[in-house]
Amino acid sequence: MAWLFLKVLLVGVSFLGCLYPLVDFCFSGETRAPKPNFVIILADDMGWGDLGANWAETKDTANLDQMAAEGMRFVDFHAAASTCSPSRAALLTGRLGLRNGVTHNFAVTSVGGLPLNETTLAEVLKQAGYVTGMIGKWHLGHHSSYHPNFRGFDYYFGIPYSHDMGCTDSPGYNLPPCPACPRGEGPSRSPDRDCYTDVALPLYENLRIVEQPVNLSGLAHRYAEKATQFIQRASASGRPFLLYVGLAHMHVPLTRTQLSADPQGRAPYAAGLREMDGLVGQIKDGADRTAKGNTFLWFTVIVFRRAGGSL
Ligand SMILES: *[C@@H]1O[C@H](CO)[C@@H](O)[C@H](O)[C@H]1NC(C)=O
Ligand SMILES: *[C@@H]1O[C@H](CO)[C@@H](O)[C@H](O)[C@H]1NC(C)=O
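Residues numbered from 1 in each chain as written. Chains lettered and ligands numbered in written order. Predicted model: local features only at pLDDT ≥ 70, side-chain atom pairs only at ≥ 80, totals over all residues. Heavy atoms only, no water.

### Section: the overall build of the protein
Helices and strands together make up the secondary structure of the protein, namely seven helices and nine strands. Within the span of the protein, comprising 311 residues, buried residues form 53% of the whole. When the accessible surface of the protein is summed, it comes to about 13,900 Å², and 55% of that surface belongs to carbon and sulfur atoms. (Helix = DSSP H or I, 4+ residues; strand = E, 2+ residues; numbered from the N terminus. Buried < 20%, exposed > 50% of the residue type's maximum accessible area, 1.4 Å probe, protein only. Areas by Shrake-Rupley, 256 points an atom, 1.4 Å probe, with all protein chains shown as cover.)

Below is the structure:
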């Protein structure tokens, strides 16, 4: 187990690995030590200064700042890649893209995914008796055997790839803004080449599409609910668990959930940060309620956002 855990720490990582500790576990190799639970939260396209713990002027990340203050920080970790699919593939396999075969992002039209001969962390932990769940953005292939339910995850709730790869209801905030999914018989192609409208973005629960197009407003809330449920059920089962949460935050389009409710009229980006931080806080609360003392909660980020752009 120690070996496995260290391997994870060494690969998936980024400018800030924040490991929220849970005290009474040690890697002594004692066979009678309880198996720890793992919650891995991966954020997308965040900047260094987006975190109050790194940049005092940022006031939007209270939960993460608290985790950084109470937990262990890894400030010189590096993601294996600065793009969606390769960073996720490396995180889950412990292998760089050149070895695991994922060096580029998968597209809506991709028929493949993370090569099937690769072993994921979820598969390894499942074999060790873990209940395994994935919530959020997968982006490692969405057809047939590439789906998360066939890559070691007992439970999956989320979107198969980035949320800018398909139209949504309601569309998120972006520049230029994208329209909602076309209705009726009208022309389906958006005049703007940055907006994909051919395939509406689906939301999956396990193998089933539960909503298409997905409603981006409220998606973070649903993720929090599903994550909490997963943690509760896994804890009740008496088995250790792995929960991997792939956030779409802070990748554009940003959700509009909190914009109108924000009394200061804050910028959409700050509202998105708050939404993400709130989601992380809810997941941490869920773990604290049911599995405190034996859970490692790890928050990490795949990439610094380039000025004015996204990856
Ligand atoms: C999977 O197959 C590819 C192509 O043969 C190879 O490069 C890769 O190393 C294999 N992966 C594993 C884990 O054996
Ligand atoms: C999307 O969800 C939000 C809040 O969850 C709701 O207010 C809105 O009406 C929904 N939009 C559509 C198109 O269903």
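Now that the structure has been shown, the text picks up again.
### So, the environment of R274
By secondary structure assignment, the location of R274 is in helix 7 (residues 268-291). Once the C-alpha coordinates of R274 and A62 are considered, the two residues, 212 residues apart in sequence, prove to be 8.4 Å apart.

### Considerations on the site of ligand 2
Close to ligand 2 lie D169, S170, N215 and S217. N215 is positioned with one of its side-chain polar atoms (N or O) 2.3 Å from an oxygen atom of ligand 2. Its free accessible area being 360 Å², ligand 2 has 34% of it covered by the protein chains. Each residue belonging to the shell around ligand 2 can be placed in one class, and the counts come to no nonpolar, three polar and one charged. (Near = heavy atom within 4 Å. Polar contact = N/O pair within 3.5 Å; in protein donor to acceptor, adjacent residues only side chain to side chain. Nonpolar A, V, L, I, M, F, W, Y, C, P; charged D, E, K, R; others polar.)

### Some thoughts on the site of ligand 1
Around ligand 1 sit R95, R99, N117 and E118, and that is every residue in its neighbourhood. Between ligand 1 and N117, the relevant distance is 2.3 Å, taken from an oxygen atom to a side-chain nitrogen or oxygen of the residue. In this structure, E118 approaches ligand 1 through a side-chain N or O atom, which is 3.0 Å from a nitrogen atom. Within the complex, the protein chains bury 36% of what would otherwise be the 360 Å² of accessible surface of ligand 1. For the shell around ligand 1, the per-class residue count stands at no nonpolar, one polar and three charged.

### Some thoughts on the confidence of the model for the protein
With 81% of its residues at a pLDDT of 70 or more, the protein has an overall mean of 85. Counted against residues more than four places away or in other chains, residues 306-311, with its pLDDT under 50, gives 11 contacts. (pLDDT = per-residue confidence, 0-100. Contact = heavy atoms within 4.5 Å.)

### Description of the packing of aromatic side chains
One pass over the structure, following the stated rule, counts nine aromatic pairs. Ring geometry for F230 and F241: centres 6.0 Å apart, planes at 90 degrees, overall edge-to-face. Here the residue F230 occupies a position in helix 6 (residues 219-237), and F241 occupies one in strand 8 (residues 241-246), the gap between them amounting to 11 residues. Through pairs of rings, three or more aromatic residues link up here, namely F38, Y130 and F296. (Phe/Tyr/Trp six-rings, centres within 6.5 Å; stacked < 30°, edge-to-face > 60°.)

### Focus on a nonpolar patch on the surface
Among the surface-exposed residues, W48, W55 and V75 lie close enough to one another that they form a single nonpolar patch of about 300 Å² accessible area. Within the element layout of this structure, V75 appears in the loop between strand 3 (72-74) and helix 3 (84-93). (Patch = residues over 30% accessible without salt bridge, like charges linked within 9 Å, V, L, I, M, F, W, Y side chains within 5 Å. Salt bridge = Lys/Arg side-chain N within 4 Å of Asp/Glu carboxyl O.)

### Description of the state of the cysteines
Tallied over the entire structure, the rule returns two disulfides. A sulfur-sulfur distance of 2.1 Å marks the disulfide that ties C178 to C195. The disulfide joining C178 to C195 has a torsion of about -85 degrees about its S-S bond and is therefore left-handed. Here C195 lies in the loop between strand 5 (155-158) and strand 6 (203-205) and C178 lies in the loop between strand 5 and strand 6, a separation of 17 residues in the sequence. (Disulfide = S-S within 2.5 Å.)

### A word on the pattern of salt bridges
Under the defined criterion, the tally for this structure stands at nine salt bridges. Close ionic contact of R88 with D44 constitutes a salt bridge, the shortest N to O distance being 3.3 Å. Taken as a pair, R88 in helix 3 and D44 in the loop between strand 2 (37-43) and helix 2 (62-70) lie far apart in primary sequence, 44 residues in all. The pair formed by R88 and D44 is uniform in burial state, with each residue classed as buried. Ionic pairing is found between D60 and R274, a salt bridge with its closest N-O pair at 2.8 Å. Here the residue D60 occupies a position in the loop between strand 2 and helix 2, and R274 occupies one in helix 7, the gap between them amounting to 214 residues. Within this structure, D44, R88 and K137 form a network of salt bridges that share partners.

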